[in-house]
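So the chains spell out like this:
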Amino acid sequence: MQWEVVIGLEIHTQLATQSKIFSGSATTFGSEPNTQASLIDLGMPGVLPVLNQEAVRMACMFGLAIDAEIGQHNVFARKNYFYPDLPKGYQISQMELPIVGKGHLDIALEDGTVKRIGITRAHLEEDAGKSLHEDFSGSTGIDLNRAGTPLLEIVSEPEMRSAKDAVAYVKLVRYLGICDGNMAEGSLRCDCNVSIRPKGQVEFGTRCEIKNVNSFRFIERAINSEVQRQIDLIEDGGKVIQETRLYDPNKDETRSMRSKEEANDYRYFPDPDLLPVVIESAYLEDLHTTLPELPPQKVERFQSQYGLSAYDANVLASSREQAEYFEKVAAIGGDAKLAANWVMVELGSLLNKLGVEIDQAPVSAEQLGGMLLRIRDNTISGKIAKTVFEAMAAGEGDADQIIEARGLKQVTDTGAIEKVLDEMLAANAEQVEQYRAADEAKRGKMFGFFVGQAMKASKGKANPQQVNQLLKSKLEG
């Protein structure tokens, strides 16, 4: 049976505010445990929350960017549950009247087409603290530095059909700069709702939620692992049970965590300490003028400014970091199409091999741009450039240093190239006679052999264009 994958995501985005959503405590990552927790964060009796205006602004920015309905009258509610790092016994969140309503994001697929993913809602809430299991005594510590950090929880429609779709969607969410997007530090966490159904079936299958996946690579692997688990389970006569699961990257498998709660389990009710938030139209109009360049505009600009194809523009603009990297390379190297090819192909291959994102690339945009300059001024050929690129990735320095240290400068002296060609042709005299006796069609195929021999004889240093011109002349006699 052929199966169709159905994926919906819930993204928990820590907003990049300087203080928490309902207190003045700092939100700096990496501080000593419990040094950034006020009486409000500790849930002490008698304290009152005060809403952070900057968190509201960032949520509205997101809503405008996804062309969503902004809840101009929205309400905070108490979501009741017990957990050790939630001192109040409830989380302040939004339920029936969220700040952001229905919207959409357009993602670029691998074939160059664009797919629209619906967004159900996005609501503001406070983060919980963190349980620490850092020693071997068997005890657990509670760190409340994170408690009260503003979160924007973004809920998509179940409209993604592959793990790669899901990764592309998450990358686009980071575009606005309202969150630093550092998944390793937990400032962006993702819950993946995954189900399968027979191809052609309209009804959804039973979904499982994979909780708190914290890297793009793990999102893809976790979804693929869960999809395969569900397929194997159903094809063996079993049944998928709705539940929350965790992903184990070491075993590359998901495992059961708990049965899935329903909304009524949390006993939501409006928070009596917080007034409804009223957002005026004039405020939204002013905010709209401050929106940064979004992916659709960036794709259009890449095509008009750099002359890129729609496919290349969509791929390069698929993440803010990649778009910025490409533009730096193009500005330094002076050739946008060459820059696009190297960023998408050679750099992309290197990042996949290392399993890292572009902001962790071992070759900086400045280094790659400098190498492209050496290709354009004929200091090195495209083939030699791959050797230089590998050396830069290994930490041997920038392009000029590597070219000098390894003696990789391209030979452009006509006399030197002619000498190499004469020696090569003399060593392949029989093939030369066959070439001269052949018709035009066969000569075209045989010419590649001589080019390869010439480049091999020059150790790849001869200028390919000059080799082609001089070789053709010599073979024609």
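Residues numbered from 1 in each chain as written. Predicted model: local features only at pLDDT ≥ 70, side-chain atom pairs only at ≥ 80, totals over all residues. Heavy atoms only, no water.

Observations regarding the sheet that holds strand β6 (residues 114–126)
Here is step 1 of the chain: An order of β5-β6-β9-β1-β10-β11-β12-β13 is seen for the eight strands of this open sheet, with the pairing classed as mixed. In the strand order of this sheet, the two ends are held by β5 (103–108) and β13 (253–259), each with one partner. Geometrically, the sheet is characterised by an average inter-axis angle of 30 degrees between neighbouring strands, direction not taken into account.
Here is step 2 of the chain: By the bridge criterion, six bridges tie strand β12 (residues 243–248) to β13 in an arrangement that is antiparallel. Within β13, the position partnered with L246 by the bridge is R255.
Here is step 3 of the chain: Against the sheet, helix α1 (residues 53–65) makes contact with β6 and β9 (150–156), and its axis sits at roughly 165 degrees relative to β6, the strand it touches most.
Here is step 4 of the chain: Along the sheet, helix α3 (residues 216–235) contacts β1 (3–14), β10 (188–198), β11 (208–213), β12 and β13; its crossing angle with β10, the most-contacted strand, is approximately 30 degrees. (Pairing = 2+ DSSP bridges. Helix = DSSP H or I, 4+ residues; strand = E, 2+ residues; numbered from the N terminus. Axes fitted to C-alpha atoms, helices over the stretch in contact; angles between N-to-C directions. Contact = heavy atoms within 4.5 Å.)

Considerations on the layout of surface pockets
Here is step 1 of the chain: Taken as a whole, the second largest pocket spans an internal volume of roughly 1,400 Å³.
Here is step 2 of the chain: As for the second largest pocket, its lining consists of 42 residues, and the residues nearest its centre are V167, K171, F216, N352 and E357.
Here is step 3 of the chain: Among the elements of the structure, α2 (163–173), α3, α6 (310–316), α7 (320–333) and α8 (336–354) are those that each provide at least two residues to the lining of the second largest pocket.
Here is step 4 of the chain: Top contributing element to the lining of the second largest pocket by residue count: α8, with seven residues.
Here is step 5 of the chain: A per-class count over the lining of the second largest pocket returns 15 nonpolar, 15 polar and twelve charged. (1 Å grid on protein atoms, 1.4 Å probe; cavity = no way out; pocket = protein on both sides within 12 Å on 5 of 7 lines; lining within 4 Å. Points joined across faces, edges and corners; volume = space filled by probe spheres on them. Nonpolar A, V, L, I, M, F, W, Y, C, P; charged D, E, K, R; others polar.)

A short note on the pairing of β12
Here is step 1 of the chain: Burial runs high along β12: five of the six residues are buried.
Here is step 2 of the chain: Pairing of β11 with β12 involves two bridges; the strand directions are parallel. Bridge assignment links I210 to a residue of β12, and that residue is R245.
Here is step 3 of the chain: Regarding topology, α3 serves as the crossover connection from β11 to the parallel β12, and that connection is left-handed.
Here is step 4 of the chain: Where β12 hands over to β13, the hairpin turn is made up of four residues, of which D252 adopts a positive phi near 50 degrees. (Buried < 20%, exposed > 50% of the residue type's maximum accessible area, 1.4 Å probe, protein only. Right-handed = clockwise from strand over helix to strand, strands pointing away.)

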